[in-house]
Amino acid sequence: MSTTLTPRRARPPAQPTTLRARRLPAYAAPVIAVAALLLAAGLVYGAGIGGPVLVVVVAVLLYLAGLFGAANAVEGRRSARNRLWSALIHSAFVLAVLPLASVVWTLVSKGAERLDADFFGTSMNNIGARDANGGAYHAIIGTLEQVGIATLITVPLGVLCAIYIVEYGRGRFAFAIRFFVDVMTGIPSIVTGLFVLAFWVLIVSPWFNDGRPGFSGFAAALALSVLMLPTVVRSTEEMLRLVPAPLREGAYALGVAKWKTILRVVLPTALPGIVTGIMLAIARAAGETAPVLLVAGGGAAINFNPFENNQSSLALFVYQQAGEASKYSPARAWTAALTLVALVLVLTVAAKLLARRNRLGR
Amino acid sequence: MAKRVEAANVTAYYGGFKAIENINLTVEPKTVTALIGPSGCGKSTFLRSINRMHEVLPGARVEGNLTIDGQDVYDRDVDVTAVRRMIGMVFQRPNPFPTMSIFENVVAGLKLNGVRRKSILEEAAEKALRSANLWDEVKDRLAKPGAGLSGGQQQRLCIARTIAVEPQVVLMDEPCSALDPISTLAIEDLMFQLKDKFTIIIVTHNMQQAARVSDRTAFFSIEKTGDPGRLIEYDNTQKIFSNPSQKKTEDYITGRFG
Ligand SMILES: Nc1ncnc2c1ncn2[C@@H]1O[C@H](COP(=O)(O)OP(=O)(O)O)[C@@H](O)[C@H]1O
Ligand SMILES: [Mg+2]
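If you're wondering where the values come from, they're calculated on a predicted model, not measured in any experiment.

Quick look at the overall build of chain A
Part 1: What chain A contains, in helices and strands, is 13 helices and zero strands.
Part 2: When the helices and strands of chain A are placed in sequence order, the string is α-α-α-α-α-α-α-α-α-α-α-α-α.
Part 3: The C-alpha atoms of chain A give 28 Å as radius of gyration, which overshoots the globular expectation for 362 residues (21 Å, by more than 25%).
Part 4: By its C-alpha atoms, chain A is 90 × 70 × 45 Å across when sized along the principal axes.
Part 5: Evaluated residue by residue, chain A yields a buried proportion of 38% over its 362 residues.
Part 6: Accessible surface, chain A as shown: approximately 20,900 Å² in total, 69% of it carbon and sulfur.
Part 7: Averaging the positions of the 31 positive and the 15 negative side-chain charges in chain A gives two centres separated by 20 Å.

What follows is the structure, encoded as structure tokens:
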């Protein structure tokens, strides 16, 4: 950063006399990379100070220095800086993707062991510590039902709430709603679980349940809704604000009523972004463990009815299997984790495709 | 079915800021009226107060009397959507609906107001596109997105969309300012044709255009920045451009000011 306001160069740079400049040959970068790697390996192993990770780190640094030096000598300073920054940006990208790739690799390699029909077709009912089989069928059903119900509750509520804030809300009331949505964003999931436990499971549901507290998948869905709502509202709000005012005015000028303009012009324009926000919320909810444990209770058997009795979920299944004292349970936990990630991925891709199809080019 | 527009003492505000003051002007049916004047003098504001688009902005309001064939546009019992269907508007920048095809764009006004019959929509679309001189260019790609057209085509699409609902007055706010000369000529031709059916009010920065297309011209101006815009002179276009009665008008059209 420059610390003075006086320009470094008093005169503008001299006009170039030719537009062509000397360039490093195309093979220069790979050659430097290989040389850097060899040199780094020699240095690190020669001195005996580390393993492959250090080799890569040293190699990257050497590569950056070598590339900058070579480009500086042949192409000049501006070009060398350009190459240095491009290389840094690419390294940053690799660094960011590395954990993701590692997670996916771990999941696939460790989760493949139990990718069998048993896993997707049976529950953990009557499976003891010595049994190698058993599956997550009940947990998959739980996740689908709980997240499905939570989505059915959250999407209409959240989208309508965002429409109110953006299109109709004026003054204190809209401000208060926005404020509380912001506050909700920060609520830890265990707290929403406790809230639903106290409010729904212990106080409201005994009314329909012969006075007994009603742990159920629906209660878990309620807790997940509380978690999803702020994400859906905020992302929808942002997307609606991005719809240009001239579009709304174009519709108004045709004599289209405001609600219809919102429904037929504004929402379709913002749809892909809204869908992305909803998918983020779903992905987050599908991975929640604590609220499900608190209000749905888990359970080893298949229970299709989300309104009665305990239900499990994939995240909860992972948590329970990971802590189980059985040599077979870690494999189940890995496969369940893989299933969960795959489920969210498939849902996201499907939703994106749907939202895109809804645009044009049919 | 073209209608007379009468403004009496129209004053418009943006919050506390008075943008135009005491505008009095009568636009006869089946004429083209041009609004000219330096930027910021309130031409758009006046235009938008005619079809009640001004009030869409928060804090914006209009005082005075605006009638269309004697009916008060700002009467308490008036339905704004009816006003806007009767008084169509074309904006400075083409604004086709990005999620709709060319066909859907043209019939958007009809469809969103409840017309369902496919035959009616198709007929209306062809008629509007023909009037807007766009039919031949788009007839084979009606299902393609409206946003894929060139700027001039998009603007004609927006004009087609506006006239498809068969308004009686068409307001145009600098409709050619973003267009090339050929598209501009096409739109000027269009105005000549539309004049048979509609009353047209157009804002333009282009003197030649005002002189070419309009029957009457209104010159707006402001004293200095921050003052409200006023109507300085309103007369036959020929008179305004050959022998204006106000010194300010003469200065403006001869390029000595503005
Ligand atoms: N949305 C707005 N909010 C506040 N002031 C505005 C707005 N639009 C226009 N104005 C002001 O109103 C005055 C008239 O603007 P406008 O009608 O757009 O002028 P013109 O179309 O003649 O260039 C200008 O001083 C402008 O700054
Ligand atoms: Mg303007």
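Things to note about the interface of chain B and chain A
Part 1: Across the boundary between the two partners, chain B contributes 28 residues, which contact 19 residues of chain A.
Part 2: Buried surface at the junction of chain B and chain A, both sides included, amounts to about 2,000 Å², of which 66% is carbon and sulfur.
Part 3: When the buried surface of chain B facing chain A is broken down by residue, F97(B), T99(B) and L112(B) rank first, second and third, together holding 33% of it.
Part 4: Joining chain B to chain A, the criterion identifies one salt bridge.
Part 5: Where R48(B) meets E249(A), a salt bridge forms, and the shortest distance between an N and an O atom there is 2.9 Å.
Part 6: At the boundary of chain B and chain A, one finds four residue pairs in polar contact (both at pLDDT 80 or more).
Part 7: For the side of chain B that touches chain A, the secondary structure elements donating two or more residues are helix 2 (80-86), strand 6 (87-90), helix 4 (108-111) and helix 7 (151-164) of chain B.

Some words on unusual backbone geometry
Residue and element names in this part refer to chain B.
Part 1: The residue D69 is not glycine, and still its phi comes out positive at about 50°.
Part 2: With respect to the helices and strands, D69 occurs in the loop between strand 4 (60-68) and strand 5 (71-72).
Part 3: Backbone geometry places E166, a non-glycine residue, at a positive phi of 50°.
Part 4: Note that E166 resides in the loop between helix 7 and strand 7 (169-173).
Part 5: Among the residues examined, E166 registers a relative accessible area of 42% and is labelled partly exposed.

Observations regarding the site of ligand 1
All names here are of chain B.
Part 1: Neighbouring ligand 1 are Y14, F17, A19, S39, G40, C41, G42, K43, S44, T45 and L57.
Part 2: G40 has a polar backbone atom sitting 2.7 Å from an oxygen atom of ligand 1.
Part 3: Here G42 contributes a backbone N or O atom positioned 3.1 Å from an oxygen atom of ligand 1.
Part 4: In the complex, the protein chains occlude 61% of the 560 Å² of accessible area that ligand 1 would expose alone.

Comments concerning a nonpolar patch on the surface
Part 1: On the surface, a cluster of nonpolar side chains totalling about 750 Å² of accessible area is made up of F93(A), V94(A), L95(A), V97(A), L98(A), L100(A), V104(A) and V108(A).
Part 2: On the basis of relative accessibility, which here comes to 33%, the residue V97(A) falls in the partly exposed class.

Brief notes about the sheet that holds strand 5 of chain B
All names here are of chain B.
Part 1: If you trace the four strands from one edge of the open sheet to the other, you get 2-1-4-5, paired in antiparallel fashion. Of all the strands in the sheet, the pair left with one neighbour each is strand 2 (17-27) and strand 5.
Part 2: Bridge count between strand 1 (residues 5-14) and strand 2: seven bridges; the pairing is antiparallel. Residue pairing for strand 2: V5 is matched across the bridge by V27.

Structural notes on helix 6 (residues 171-185) of chain A
Residue and element names in this part refer to chain A.
Part 1: With 15 residues, helix 6 should cover 21 Å at 1.5 Å per step; its first-to-last C-alpha distance of 22 Å lies within 8% of that length.
Part 2: Among the residues making up helix 6, those that are buried are A174, I177 and V181. Burial along helix 6 is one-sided: seen end-on, the buried residues are contained in an arc of 60°. Exposed residues lying more than 90 degrees from the buried face of helix 6 are G171, R172, F175 and F180.
Part 3: Next to the buried residues of helix 6 lie helix 5 (137-168) and helix 8 (217-242).

Describing the packing of aromatic side chains
Residues and elements named next belong to chain A.
Part 1: Under the criterion given, the structure shown has eleven aromatic pairs over all chains.
Part 2: Geometrically, the ring pair formed by F119 and F317 is edge-to-face, given 6.2 Å between the ring centres and 85° between the ring planes. You can see F119 sitting in helix 4 (residues 117-121) and its partner F317 sitting in helix 12 (residues 314-323), a full 198 residues away along the chain. Of the two residues, F119 and F317, both sit in the buried class.
Part 3: Considering the side-chain rings of F195 and F199, the 5.8 Å spacing of their centres and the 0° angle between planes classify their relative orientation as stacked. Residue F195 and its partner F199 are located together in helix 7 (residues 189-204), separated by four residues, close to a single helical turn.
Part 4: Given the relative accessible area of 45%, F199 is considered partly exposed.
Part 5: Aromatic rings pair up to connect W200, F208, F218 and F307 into one cluster.
Part 6: Taking NZ or CZ as reference, K258 lies 4.6 Å from the ring centre of Y168, over its face.

How each quantity is defined
- Residues numbered from 1 in each chain as written.
- Chains lettered and ligands numbered in written order.
- Predicted model: local features only at pLDDT ≥ 70, side-chain atom pairs only at ≥ 80, totals over all residues.
- Heavy atoms only, no water.
- Helix = DSSP H or I, 4+ residues; strand = E, 2+ residues; numbered from the N terminus.
- Rg over C-alpha atoms; globule rule 2.2 N^0.38 Å.
- Buried < 20%, exposed > 50% of the residue type's maximum accessible area, 1.4 Å probe, protein only.
- Areas by Shrake-Rupley, 256 points an atom, 1.4 Å probe, with all protein chains shown as cover.
- Lys, Arg positive; Asp, Glu negative; His and termini not counted.
- Charge placed at Lys NZ, Arg CZ, Asp CG, Glu CD.
- Contact = heavy atoms within 4.5 Å.
- Buried area = accessible area lost by both parts, 1.4 Å probe.
- Salt bridge = Lys/Arg side-chain N within 4 Å of Asp/Glu carboxyl O.
- Polar contact = N/O pair within 3.5 Å; in protein donor to acceptor, adjacent residues only side chain to side chain.
- Near = heavy atom within 4 Å.
- Patch = residues over 30% accessible without salt bridge, like charges linked within 9 Å, V, L, I, M, F, W, Y side chains within 5 Å.
- Pairing = 2+ DSSP bridges.
- Expected span 1.5 Å × (residues − 1).
- Arc of directions from axis to C-beta.
- Phe/Tyr/Trp six-rings, centres within 6.5 Å; stacked < 30°, edge-to-face > 60°.
- Lys NZ or Arg CZ within 6 Å of the ring centre and 35° of its normal.

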